[in-house]
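Spelled out, the chains give:
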Amino acid sequence: MAANETLQEGVDGMPKEALDVVLAVIVHPGRRHCLLSKRPEGVHLAGHWEFPGGKVGLTEGLQAALTREVREELGLVVSTADSRLFNSLNHSYPERDVCLHTYLVEGVASEAYLPLGEDGVGSEGQLTRWVAFSRLGDYDFPAANAPIVAALKRNRW
Ligand SMILES: Nc1nc2c([nH]c(=O)n2[C@@H]2O[C@H](COP(=O)(O)OP(=O)(O)OP(=O)(O)O)[C@@H](O)[C@H]2O)c(=O)[nH]1
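Each residue is numbered by its place in its chain's sequence as written, counting from 1. In keeping with the model being predicted, local features are shown solely for residues with a pLDDT of at least 70 and side-chain atom pairs are shown and tallied solely at 80 or more, while totals for entire chains, interfaces and linings include all residues. Side-chain numbers here rest on the full set of heavy atoms in the structure, without hydrogens or water.

Looking at an unreviewed UniProt entry, one finds the chain named 8-oxo-dGTP diphosphatase, with Sinobacterium caligoides as its source organism. The record in UniProt for the chain states the following under Sequence similarities (unreviewed entry): "Belongs to the Nudix hydrolase family." Turning to the chain, the UniProt record has this under Cofactor (unreviewed entry): "Mg(2+)". UniProt positions are given in the numbering used here, feature names are shortened, and annotations may be inferred rather than shown by experiment.

Spelled out as structure tokens, the structure:
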């Protein structure tokens, strides 16, 4: 169990996890694309496209978790000045509750990381791709991401 997981009772009476998760919407310097990853096989919501990120440790701040996850998954270095909180929202999956804290990340060396129009491979073997904000609706995201994707498509940031 991750450090920040707490146990709540699920519909079947079994303990249910509740997780704080940070997500990075890494914005391409042209400000028309963001970086998506594809969740690998064998993990929760495998095969869905997602924003890079992951669980927040118990004694870890959100910003620290964001920096760590982006470094671990992509090898990109994010400073506090590069990122701002976009929104935080709760979602209940059958097997766990999540609170997704989504950050907009701009100004990292992302252009060098992966050219537009090419597919890349992240540090954990995951497929990565720049996707236009206007095309986010073409991608199969986890259900919790729907309001985030809708807000990004409306370009309200
Ligand atoms: N990274 C990420 N997780 C998401 C997104 N949307 C969403 O519902 N989640 C959920 O948030 C949780 C984050 O878990 P994760 O598996 O990415 O976290 P992690 O890298 O720390 O996990 P691990 O160390 O167990 O491999 C999962 O339940 C995942 O399904 C998203 O856009 N990106």
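Participant: Would you mind going over the packing of aromatic side chains with me for this structure?
Facilitator: Between two aromatic rings, the relevant description is the distance of the centres plus the angle of the planes. For this analysis, a ring pair means two rings from Phe, Tyr or Trp (six-membered ring only for Trp) whose centres lie within 6.5 Å, classed as stacked if their planes differ by under 30 degrees, edge-to-face if by over 60, and tilted for the remaining angles. According to the stated counting rule, one finds two aromatic pairs in the structure shown. Note on Trp49 and Tyr139: the rings are 5.3 Å apart at their centroids and 85° apart in plane angle, and the pair reads as edge-to-face. Within this pair, whereas Trp49 is found in strand E4 (residues 49-50), its partner Tyr139 is found in the loop between strand E9 (127-132) and helix H3 (146-153), the two being separated by 90 residues in sequence. Each of the two residues, Trp49 as well as Tyr139, counts as buried. Secondary structure elements are taken from DSSP: a helix is a run of H or I of four residues or more, a strand is a run of E of two residues or more, and numbering for both begins at the N terminus. Only protein chains enter the accessibility calculation, which uses a 1.4 Å probe; a residue whose area is less than 20% of its type maximum is buried, one above 50% is exposed, and one in between is partly exposed.

Participant: Would you explain the site of the ligand in this entry?
Facilitator: We call a residue near a molecule or strand whenever a single non-hydrogen atom of that residue lies within 4 Å of it. Near the ligand lie 18 residues; those nearest to it are His44, Lys55, Tyr93, Arg96 and Asn145. Here an oxygen atom of the ligand and a side-chain polar atom of Tyr93 are 2.6 Å apart. Exposure was quantified through the Shrake-Rupley algorithm and a 1.4 Å probe, taking into account, for residues, occlusion by the shown protein chains and nothing else. Expressed as a share of its isolated accessible area of 640 Å², the protein-covered part of the ligand is 79%. In a pocket analysis with a 2 Å cut-off to the grid points, the ligand is assigned to the largest pocket. Looking at the shell around the ligand, the elements that each hand over two or more residues are strand E2 (15-26), strand E5 (53-55), helix H1 (62-74) and strand E7 (96-105). In terms of residue count, the dominant contributor to the shell around the ligand is E5 (three residues). Residues belonging to the shell around the ligand are distributed by class as follows: eight nonpolar, four polar and six charged. Here a polar contact is taken to be a pair of N or O atoms separated by no more than 3.5 Å, where protein atoms must pair a possible hydrogen donor with a possible acceptor and residues adjacent in sequence count only if both atoms sit in side chains. Here a cavity denotes grid points, spaced 1 Å and computed from the protein atoms alone, that fit a 1.4 Å probe unable to get out, and a pocket denotes an open set having protein on both sides within 12 Å along at least 5 of 7 lines; residues with an atom within 4 Å of a point are the lining. For this analysis, a molecule is said to be in a pocket or cavity if more than half of its atoms are within 2 Å of the grid points defining it. In this classification, the charged set is Asp, Glu, Lys and Arg, the nonpolar set is Ala, Val, Leu, Ile, Met, Phe, Trp, Tyr, Cys and Pro, and all remaining amino acids, among them Gly, are polar.

Participant: Mind showing me how you'd approach the nonpolar core here?
Facilitator: One recurring pattern in soluble globular proteins is that nonpolar side chains are buried together. What we call a nonpolar core is a set of buried Ala, Val, Leu, Ile, Met, Phe, Trp, Tyr and Cys residues that are connected through their side-chain atoms within 4.5 Å. Among the nonpolar cores identified, the biggest contains 25 residues, and Val25, Leu36, Phe51, Leu100, Leu136, Ile148 and Leu152 are the most heavily contacted of them. Contacts are residue-level and defined by heavy atoms, with any inter-residue pair within 4.5 Å sufficient. With sequence-adjacent residues up to four places away left out, Phe51 is seen in contact with Leu23, Ala24, Val25, Cys34, Leu35, Leu36, Phe141, Asn145, Ile148, Val149 and Leu152. Ranked by size, the runner-up nonpolar core spans 16 residues in total, among them Ile26, Leu35, Leu76 and Val78.

Participant: What's the story with the environment of His33 in this structure? I'm lost.
Facilitator: Within the fold, His33 resides in strand E3 (residues 33-38). Residue contacts for His33: discarding those within four places in its chain leaves Ile26, Val27, His28, Leu116, Trp130, Val131, Ala132 and Phe133.

Participant: Where do I start with the pattern of salt bridges in this structure?
Facilitator: Pairs can form between side chains of opposite charge once their charged atoms are near each other. By salt bridge we mean one thing: a side-chain nitrogen of Lys or Arg within 4 Å of a carboxyl oxygen of Asp or Glu. Following the criterion strictly, the structure yields eight salt bridges and no others. Two residues, Arg68 and Glu60, come together in a salt bridge whose shortest N-O distance is 2.7 Å. Salt-bridge contacts for Arg84 lead to Glu106; the nearest nitrogen and oxygen are separated by 3.5 Å. In this pair, Arg84 sits in strand E6 (residues 83-92) while Glu106 sits in the loop between E7 and helix H2 (110-113), placing the two residues 22 residues apart along the sequence. Connected through salt bridges with shared partners, the residues Glu60, Arg68, Glu69 and Glu72 form a single ionic network.

Participant: Explain unusual backbone geometry to me, please; I cannot follow it from the model alone.
Facilitator: Of note, Arg31 is a non-glycine position whose phi angle comes to about 65°, a positive value. Since its relative accessible area comes to 41%, Arg31 is described here as partly exposed.

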